[in-house]
Amino acid sequence: MITQKSISCLLLVWAICAESIAYSQTITGTVKDSRGPLPGVSISEKGTENGTVSDFDGKYEIDVSSQDVTLVFSYLGYVTREIPWNGENSLEVVLQESTEQLDELVIVGYQSQKESTITGAVSSVNVKQLESRRVPGVTQALQGQVAGVNITQSTGAPGEEVEVRIRGNGTIGNNNPLYIIDGVPSREISFLNPSDIKSMSVLKDAAAASIYGSRAAGGVIVIETKSGSDRSGFQIDYFGGLQKVTNLPNMLNADQYLNTVTTAWNNAGYSGTNPYLADAGRSDFADVDYLDELFELGKTNSVQLSTSGGNEKTNFFLSAGYYGQDGIVVYDNDKFNRLNLRSNINSNVTNRIKVGANVQISYEQQDKISSKGDAPGIIRHAFLRPPIIPVYKNPSDPTYSEEDPFTDLPFYVDPDNFESNKYEYSQNPIALAYFTDNTTRTFKTFGNLFAEYKILSDNSLKFKTNFGADINFGHQKAFNPNYGDDDGQGAEIDSGLGRQNRPTNLSESRYEDMTFTWNNSFMYNKEIGDHDINALAGIEFIKNNSSGINASRQRFDYTEPNFRYLDFGGTDRDIWNGGLAEEWALFSYFGSATYSYQDKYLITANLRADASSRFSKDNRWGYFPSISAGWTISKENFMDNLDWLNQLKLRASWGQLGNQEIPNYAYLTLYRRDADRYLISRYGNPDLKWETTAQVNIGIDFGLYSNKLSGSIDYFEKTTSDILLPISLPKFVGDVSATYLNSGEVQNSGLEFGLSYRNYENPLKFQISGNLSTLKNVVNSLHPNLPYLTGNVTRTQAGHPLNAYYGFVQEGIYQNQTEVSEHLYGTNNPPQQPGDIKFKDLDGNGVINDNDRDFIGNPNPKLSYGLNVSMNYMSFDFNFLFQGVEGVDRYNDLKKIIDYDTRPFNYTDRVLGAWNGEGSTNTIPRVSFTDNGSSRVSDIFVEDASYLRLKNVELGYTFDVEKVGNFRIYTSGQNLLTFTDYSGLDPESTDLIDFGTYPQSLTILFGVHANF
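Nothing here was measured: the structure is a model prediction, and the numbers come from that model. (Residues numbered from 1 in each chain as written. Predicted model: local features only at pLDDT ≥ 70, side-chain atom pairs only at ≥ 80, totals over all residues. Heavy atoms only, no water.)

Below, the discussion takes up the sheet that holds strand β48 (residues 889-892). Taken in spatial order, the three strands line up as β49-β48-β52 in an open sheet, and their pairing is mixed. Bordering the open sheet on either side are β49 (942-944) and β52 (993-994), each of which pairs with just one other strand. Bridge count for β48 against β49 is three bridges, and the pairing is antiparallel. Note that in β49 the partner of Y891 across the bridge is V942. (Pairing = 2+ DSSP bridges. Helix = DSSP H or I, 4+ residues; strand = E, 2+ residues; numbered from the N terminus.)

Counting 51 residues, the largest nonpolar core has L294, I388 and Y907 as the members making the most contacts within it. Breaking this core down by element, the ones donating at least two residues are α5 (254-267), α6 (290-294), α7 (378-384), α8 (429-435) and α10 (893-899). If one sorts the elements of this core by residue count, α5 sits on top with six residues. Among residues more than four places away in sequence, those in contact with I388 are A254, Y257, L258, D284, F285, A286, F411 and Y423. In this structure, V127, V146, I166 and Y179 belong to the second largest nonpolar core, which totals 24 residues. (Core = buried A, V, L, I, M, F, W, Y, C linked by side-chain atoms within 4.5 Å. Buried < 20%, exposed > 50% of the residue type's maximum accessible area, 1.4 Å probe, protein only. Contact = heavy atoms within 4.5 Å.)

Strands sit in the order β4-β3-β6-β7 across an open sheet of four strands; the sheet is antiparallel. The two strands at the open ends of the sheet, each matched to only one other strand, are β4 (51-53) and β7 (81-84). Recorded for the sheet is a direction-independent mean angle of 20° between the axes of neighbouring strands. Where strand β3 (residues 42-45) lies against β4, three bridges are found, and the strand directions are antiparallel. (Axes fitted to C-alpha atoms, helices over the stretch in contact; angles between N-to-C directions.)

This paragraph deals with α5. With 14 residues, α5 extends 20 Å from end C-alpha to end C-alpha; this agrees with the ideal 20 Å at 1.5 Å per step. Three or more residues of α5 are buried, namely A254, Y257, L258, T260, V261, T262, A264 and W265. Capping of α5 at its N-terminal end is provided by N253; its side-chain oxygen lies 3.2 Å from the backbone amide nitrogen of D255. (Expected span 1.5 Å × (residues − 1). Polar contact = N/O pair within 3.5 Å; in protein donor to acceptor, adjacent residues only side chain to side chain.)

We now examine the confidence of the model for the protein chain. In the predicted model, the protein chain carries a mean pLDDT of 90, and the fraction of residues at 70 or more is 96%. The low-confidence segment residues 6-23, where pLDDT is below 50, has five contacts with residues more than four positions distant or belonging to other chains. (pLDDT = per-residue confidence, 0-100.)

Next up on the list: the environment of S634. Looking at where S634 falls in the secondary structure, it is placed in the loop between β29 (621-632) and β30 (645-659). Between the C-alpha atoms of S634 and E691, which are 57 residues apart in sequence, the distance is 40 Å. Contact partners of S634, with chain neighbours within four places excluded, come to M639, N646, Q647 and L648.

Summarising burial for strand β6 (residues 70-74): four of the five residues are buried, a large majority. In the sheet, β3 pairs with β6 via four bridges, with the strands oriented antiparallel. Following the sheet pairing, S42 is matched in β6 by S74. Two elements, β6 and β7, share four bridges in a ladder whose sense is antiparallel. By the bridge assignment for β7, L71 is matched with I83.

Turning next to the side chain of Q767. In this structure, Q767 sits in strand β38 (residues 764-774). One polar contact links Q767 to S756, side chain to side chain, over a distance of 3.2 Å.

Turning next to the side chain of S588. The residue S588 is located in strand β27 (residues 576-597) in this model. Separated by 3.0 Å, the side chains of S588 and R608 make a polar contact. A polar atom in the side chain of S588 sits 2.3 Å from the side chain of D610. Apart from the residues within four sequence positions on either side, S588 is in contact with G538, I539, E540, R608, A609 and D610.

Another aspect to go through is unusual backbone geometry. Here R502 and P503 are connected by a cis peptide whose omega angle stands at 0°. Phi at D599 takes a positive value of approximately 55°, unusual for a residue other than glycine. Position of D599 among the secondary structure elements: in the loop between β27 and β28 (601-612). What makes D599 partly exposed here is its relative accessible area of 21%. Backbone geometry places M874, a non-glycine residue, at a positive phi of 55°. Assignment of secondary structure puts M874 in the loop between β46 (863-873) and β47 (876-886).

With that settled, consider the packing of aromatic side chains. By the definition in use, this model includes 43 aromatic pairs. Plain terms: the ring middles of F191 and F446 are 5.0 Å apart, the flat faces sit at 40° to each other, and that makes the pair tilted. In this pair, F191 sits in the loop between β15 (184-186) and β16 (197-203) while F446 sits in strand β23 (residues 438-454), placing the two residues 255 residues apart along the sequence. An identical accessibility class is assigned to F191 and F446; each is buried. An aromatic cluster is present here, built from Y257, Y276, F285, F411, Y423 and F929 joined pairwise through their rings. K444 extends its terminal NZ or CZ atom over the ring of F191, reaching a point 4.5 Å from the ring centre. Positioned above the aromatic ring of Y806, the side-chain terminus of R795 is 4.0 Å from the ring centre. (Phe/Tyr/Trp six-rings, centres within 6.5 Å; stacked < 30°, edge-to-face > 60°. Lys NZ or Arg CZ within 6 Å of the ring centre and 35° of its normal.)

This part takes up the pairing of strand β32 (residues 677-682). Alignment of strand β31 (residues 670-674) against β32, held across five bridges, turns out to be antiparallel. If you follow L670 over to β32, its bridge partner there is R682. Hairpin connection, β31 to β32: the antiparallel pair is bridged by two residues, and A675 has positive phi, about 60°.

For the rest of this paragraph, the subject is the pattern of salt bridges. Counted according to the given criterion, the structure contains 50 salt bridges. D991 is paired through a salt bridge with K372; the nearest N and O atoms lie 3.6 Å apart. Of this pair, D991 sits in the loop between β51 (965-980) and β52 while K372 sits in the loop between β22 (353-367) and α7, and the two are 619 residues apart along the sequence. Judged by its relative accessible area of 17%, D991 falls in the buried class. Residue K372 is classed as partly exposed on the basis of its relative accessible area, which comes to 25%. The shortest N-O distance in the salt bridge between D470 and K444 comes to 2.7 Å. On the criterion of sequence distance, the pair formed by D470 in strand β24 (residues 461-480) and K444 in strand β23 is long-range, its members being 26 residues apart. Grouping residues by exposure puts D470 and K444 together as buried. Each of R134, D237, D877, E954 and R968 takes part in salt bridges that share partners, so that together they form one network. (Salt bridge = Lys/Arg side-chain N within 4 Å of Asp/Glu carboxyl O.)

Right, let's talk about a negative patch on the surface for a bit. Among the surface-exposed residues, D255, D287, D289, D292 and E293 lie close enough to one another that they form a single negatively charged patch. Tracing the sequence through the fold places D292 in helix α6. Its relative accessible area of 55% is what places D292 among the exposed residues. (Patch = residues over 30% accessible without salt bridge, like charges linked within 9 Å, V, L, I, M, F, W, Y side chains within 5 Å. Areas by Shrake-Rupley, 256 points an atom, 1.4 Å probe, with all protein chains shown as cover. Lys, Arg positive; Asp, Glu negative; His and termini not counted. Charge placed at Lys NZ, Arg CZ, Asp CG, Glu CD.)

Structure below.
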């Protein structure tokens, strides 16, 4: 029988259970700041030990135990928020940056350091801004982001190298920076997937970089890759699009070309009938725009996948990425493909022991074409090829074949009958693109294993051991099939073959390169009242082994792809092979100590000692010290009343860095065998020692108006001495390679400005970041027996910049014979004619000779800058980047050969304004098949290569899907606008001479990014 007491008890139990069920609720949501999701935010139930952290996309999930719970959201650098739960299952939280707590950790020199205590010139890169750059490499994404860092893509061809210069070229040799990826050094980072980057710091001055000593003279870029969290998540990012060449000059059409070469023949003063007059209206003439035939739409596709997760002890981050680009040249022989796989795992084995592994595997394949005007010069020949020569032969032509349908020699009939005397036989660029078969493949394994032990219970003293590996296997294969018309030349055995690649040949090489790094360090961090002490001491050993083999064969009977291997080539006299191996090693001691008092007075000292196998035993060790100090003025009591000033810090530093980038065994004399004799091939120099770069830096950091406006200003002087200089010996010494010695001094100096303004308080949130840097480069001295170094168009000499352009100076065009006679009064029967270039007679003797040459240009940019703007409104985001350089010159050899050459190549429409009579122009000489003065190296071809480029634009929209994730769609554009006076294809180039550079393209991309 159920009594009233029993009913009461049942009701009480039901109420308790119901209350328990009600309180056992799961709250989910996303934590963001004004720019997007925040990973790693701590979320806890106030008053309990119950908590979690947000995942990579800012998402979290927490089970609460009470209906009256308050959630606490905390993150370094942001204001902690306490939010009472209102009973809803989903809670979205936005955190605001804190002016008091904003003190990010920056990775510098084997450890991280609070940004407020840094006294060197260190720039922390905003990785979030890099994410909008849809480029294959980290270095391209870095372009325009950091003051004092000038990044230039060598050409626009897919997979081409990117040049990085930190505070300019400081030496005649290797100026590349050192990269540190998860504690492992490397000389290049093209293999890295930009999506895997967590943080990046640029160490620009000696005080910041000297901890890396011997290889840090070009600066250091420290990179940390992403790690996981205790929340699982999955990301996918896909984009694809098209590229199009822009800024092409207008070439002459067939009629314009015939008129121009007719004029050039007349101006040459030849006797007889002009041969071009009779060619007008020939039925076998074409009217081809070879630039239009050569370039097509390029294509890009990229997909990136990543996942992360773990628990309170172990976390992981896994990613896979594919990037593929088919370039803008026809026939798809300029492709680049890269596949990346990454696994990062970290585990807290105990409260004191942490272990981890970061491993990346990458595979790259690049189909290379001649992208710099180098042989065979596909881009260059597209400019040179006369428009009257068709691209393809008529099938009725007896020399036509399906395997080789392209025209070659101009109007070819047989080896004794073609018109090279009238139409210079340049190569057919379309045929060059079609027959190119040159592929490079690279397989790389890069990563590290580390263990960290907290020696003291208060975590103040740690020991860390780190082992890194950089393992590379490469394969290069180039097959050059014979094609073209028979010009009657070549070896007797090759009689009847076409003149291109005569005979068919194959070259192939394979190499392996392995670098292993092992460093061990003790780190001590302790706060004692107002005193903060940070110390580091360690050792490092780096060992490199490399080897390679190469071989070539000629005269292949079959050229189908299945027969393009060495064994199918000729074996009688067409075999060549070789192989070699090298090794080098570096052993180092390093130490660093930082002391701060009340975060106001700061001092840091570093010392590294390196022993390199590239120097003899007597000169093996190099020592690289630095010292820097800082004063945080804004923390002084007398600054308390300045509410608008949040940060003001002065910095000063001095330090030395080293450079050992010379060939292995350069201090040894090398011999070669010649029959029964041994001859010296290079004289060694046992006195060879370290090249040293000393830097002085003075800087100021500031933050105003709640740190909405922040920035820095730096002045530096960087002096490189004992330059590792290769000196060629006189011919009477013998046929020997250059000997290295220490001599010379180069100085760089400049100012760097960085400024950022952000406003996240309104519905329209935005951040504007700008940087600007100046650079003055000068050679102070060279070797006493070497007054200058000469290149084809350059001279390096004391008192002038590195690789300054050197030649004659134009002062107009000779307008009449009287002007020729008066200007060249010291020359007997001068060959110059009216319409020729008039050069300055610098020594005033009436003769134009080598004594009238002068410095005519500077290839080192005097000013570089970038402007980055990011905006968010509701679910929309928009950003753009302008980047540019000023005060840089380039020698435009392509301009010289297409508008000034004495051979009947094609021309641009600039020649339509050439001199054609007295008073017609004073800038462009007459067209002629005889020298009009253009054979001389002169300032006519040195052009201002300054530019301003709209490097990147991206517009996106984010959809939030409840309980699933968010999806962002976007469209992106690159190189949409370029403002420049340079007449070449691309002002952005690393080469001193522009022979016809593969240009960077205008790119339109569409993509989607999804978080789950």
